[in-house]
Amino acid sequence: MAAYFALVLAVFPDTYQDTEIGSPQPSLQVTLSAQQIKLGQSFEMSLVATNLGEEADMQTVTAGFPQNQNLDNVTITSYDFLQSPRLYLQDKEVGSAYSGGDTLVQSKYPFIEAYSRPAKPDHTYTMTIQIIPTESGPYHIYTKTVAMPHVTELAHYPIQGILDHQNEFVQEHVIEVIP
Amino acid sequence: MKRELARRLDYARLFGIANLMVSFGIILVTSGGSWDITNHILNKPETFFAPPHAMLYSGVGIALVGFITLYISWKKSGKPASFGWGVKITTFGVGLLLVAGPVDFVWHSAFGLDGLLSPPHLVLIAGMGLTSIGALANTKSIQKESGKPSPLRTIVSFVPVWFSITGLFYSFSLPFSKTDYFDFNPNPIFAAGFASIAYPFLISTILISSAILSKQRFGVASMVGVSYLGMMTLSAIMPNHTLVPTIPFYVANIIPIILGDYVLSKAKNIKNMMVSGAIFGSAFYFLYYPLITYTYNEVTLEKLLWPSLTSLVYFEMIPIIAPFLIVCGAIIGAISVKFAQKISS
């Protein structure tokens, strides 16, 4: 038994604690169908996510709508992520600062979160959404992708830029809506 | 008269085969269940139609065919009273298994992703447990009638009982039961306390009982333990690729199992048997790797446990809690020998 306890209490833990954790590297390509539209018209946004690093337990892709009160004017037209998308409205408890849900904040605007669990290396997942802006002027959309576990700075994209309501970096996309 | 006797003997043999089939079916059900837990951790399946469910319900099918054959052969051989209890318990267990399938499907349809502890899962686990216990009772009666222990029968009968009761204990010690609709997660302190008592008690009871049933023949308890380790490796470790390098660590658990079995095979009195129980119980924290990580993480490190971090968190907890759990497991394991003796006699 002494040999057994030496193995399970000392030898194996020492061996395994030196193991490096795989580092995922998510990337996101966003394409808009138009830069300018007339009020009442729709446009499409395509979000293509890839994991360029090692396997992630989960990869999320978020499209946030800071000018919206709800998601009534947003429709998902195509979707091939592994799990169903989650729709969040404002004033909901959401994860923040890449903590994977450990630190919660209140959402300030609605957003859609697509996710794949797990996210294997070099696999591509796509979500296309159709949006009909309800007011004229510049219409803003925030996008980002995050891989979990969040072990390095490369586990989120973009790696810098504007911080959103979840205290995470986002890419901003603007469509001009003319009256 | 001779023909009648021969016919009864044939049915008795068929009863024995059918009983093995019932146990084997439950082994598939429980392995599928263990794989399903891992699949939920890794892949968050959103549909009832997942590969682990296919394995699980194939097991139900095999257990059902086995049960029908068992019941017919029992009836045709003149309903011997010695098998009455075993057949009754198996009948009730199979009934619960049959109810659990449709209820589970309806629950999935209504509430989507379900947690580990849910009404249909409890029915399923109760069905698994009772069916396997009924088959074990039949095995005991078969061996009593024939007068000689059968190692194969003993091993095949004990493994599903071990796994079924483990499933029940998982439900009350793992934080996997919170969904969008319900929060059935156990209180973390209760879960840790429960695990510290229930798991060593179960390991010791199963291994000691299997040895007693085989007249303390060396090798039987070891084979029950090896079967358990093999099934856990296949269903809980291998599906998570980040845990595959830790298989040598998990396989090392064969050491206390063989050692405890050896002590048991030489045991002349209850004190020797208690030493063996203590050896088995002391290894529970290691035998219940990797899922036990979730139970004790809640009361120690409180880290966010992603599947790829499971082994790191587990090994990080070892210096914090393992010494205490080894002592606790040894005491519980030794005490449970009395219980094992009682149920085996």
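To continue, consider the pairing of strand β3 (residues 43–51) of chain A. The side chains of a regular strand alternate, first on one face of the sheet and then on the other. Residue and element names in this part refer to chain A. Counting buried residues along β3, 7 of its 9 residues qualify, which places the element largely inside the surrounding structure. Across 7 bridges, strand β1 (residues 26–32) lies against β3 in antiparallel orientation. Its bridge partner lying in β3, L32 is registered against M45. Relative to strand β10 (residues 124–131), β3 runs antiparallel, the two being bridged by 8 bridges.

The subject of this paragraph is the interface of chain A and chain B. A common way to report how large an interface is uses the accessible area buried once the components associate. Each side of the interface is counted separately: chain A has 25 residues, and chain B has 31 residues. Between chain A and chain B, the buried area comes to about 2500 Å², and carbon and sulfur atoms account for 68% of it. Contact with chain B buries surface across chain A, with Y4, Y16 and R117 of chain A losing the most and accounting together for 28% of the total. Between the two partners, chain A and chain B, sit 0 salt bridges. For the side of chain A that touches chain B, the secondary-structure elements that each account for two or more residues are α1 (2–17) and β6 (83–88) of chain A. Here the element with the most residues in the side of chain A that touches chain B is α1 of chain A; it accounts for 9 residues.

Residue and element names in this part refer to chain A. The strand order β1-β3-β10-β5 describes an open sheet built from 4 strands, whose pairing is antiparallel. Two strands lie at the open edges of the sheet, namely β1 and β5 (74–79), each paired on one side alone. In this sheet, neighbouring strand axes are inclined to one another by 20° on average, regardless of whether the strands run parallel or antiparallel. Of the strand pairs in this sheet, β5 and β10 are connected by 5 bridges, and their pairing is antiparallel. Of the residues in β10, the one forming a bridge with V74 is I131.

Enumeration over the complete set of coordinates arrives at 42 aromatic pairs over all chains. An angle of 85° between the planes, with centres 6.0 Å apart, marks the rings of Y4 of chain A and F286 of chain B as edge-to-face. Here F286 of chain B lies in helix α11 (residues 284–287) and Y4 of chain A lies in helix α1, a pairing that spans two chains. Of the two residues, Y4 of chain A and F286 of chain B, both sit in the buried class. Judged by centre distance (4.6 Å) and plane angle (15°), the rings of Y88 of chain A and F111 of chain A are stacked. Here the residue Y88 of chain A occupies a position in strand β6, and F111 of chain A occupies one in strand β9 (residues 111–116), the gap between them amounting to 23 residues. By way of ring pairs, the aromatic residues Y4, F5, F12 and Y16 of chain A together with F249, Y250, Y285, F286, Y289, Y296, Y314 and F315 of chain B are connected into one cluster. Positioned over the ring face of Y115 of chain A is R86 of chain A, at 3.9 Å from the centre of the ring.

Turning next to the environment of F339 of chain B. Residues and elements named next belong to chain B. Turning to its location among the elements, F339 is positioned in helix α13 (residues 310–344). Residue F339 is classed as partly exposed on the basis of its relative accessible area, which comes to 38%. Put simply, F339 and I37 are 302 residues apart on the chain and 30 Å apart in space, counted from C-alpha to C-alpha. Beyond its immediate chain neighbours, meaning those up to four positions away, F339 contacts F201 and T205.

Criteria and cut-off values
- Residues numbered from 1 in each chain as written.
- Chains lettered and ligands numbered in written order.
- Predicted model: local features only at pLDDT ≥ 70, side-chain atom pairs only at ≥ 80, totals over all residues.
- Heavy atoms only, no water.
- Buried < 20%, exposed > 50% of the residue type's maximum accessible area, 1.4 Å probe, protein only.
- Helix = DSSP H or I, 4+ residues; strand = E, 2+ residues; numbered from the N terminus.
- Pairing = 2+ DSSP bridges.
- Contact = heavy atoms within 4.5 Å.
- Buried area = accessible area lost by both parts, 1.4 Å probe.
- Salt bridge = Lys/Arg side-chain N within 4 Å of Asp/Glu carboxyl O.
- Axes fitted to C-alpha atoms, helices over the stretch in contact; angles between N-to-C directions.
- Phe/Tyr/Trp six-rings, centres within 6.5 Å; stacked < 30°, edge-to-face > 60°.
- Lys NZ or Arg CZ within 6 Å of the ring centre and 35° of its normal.

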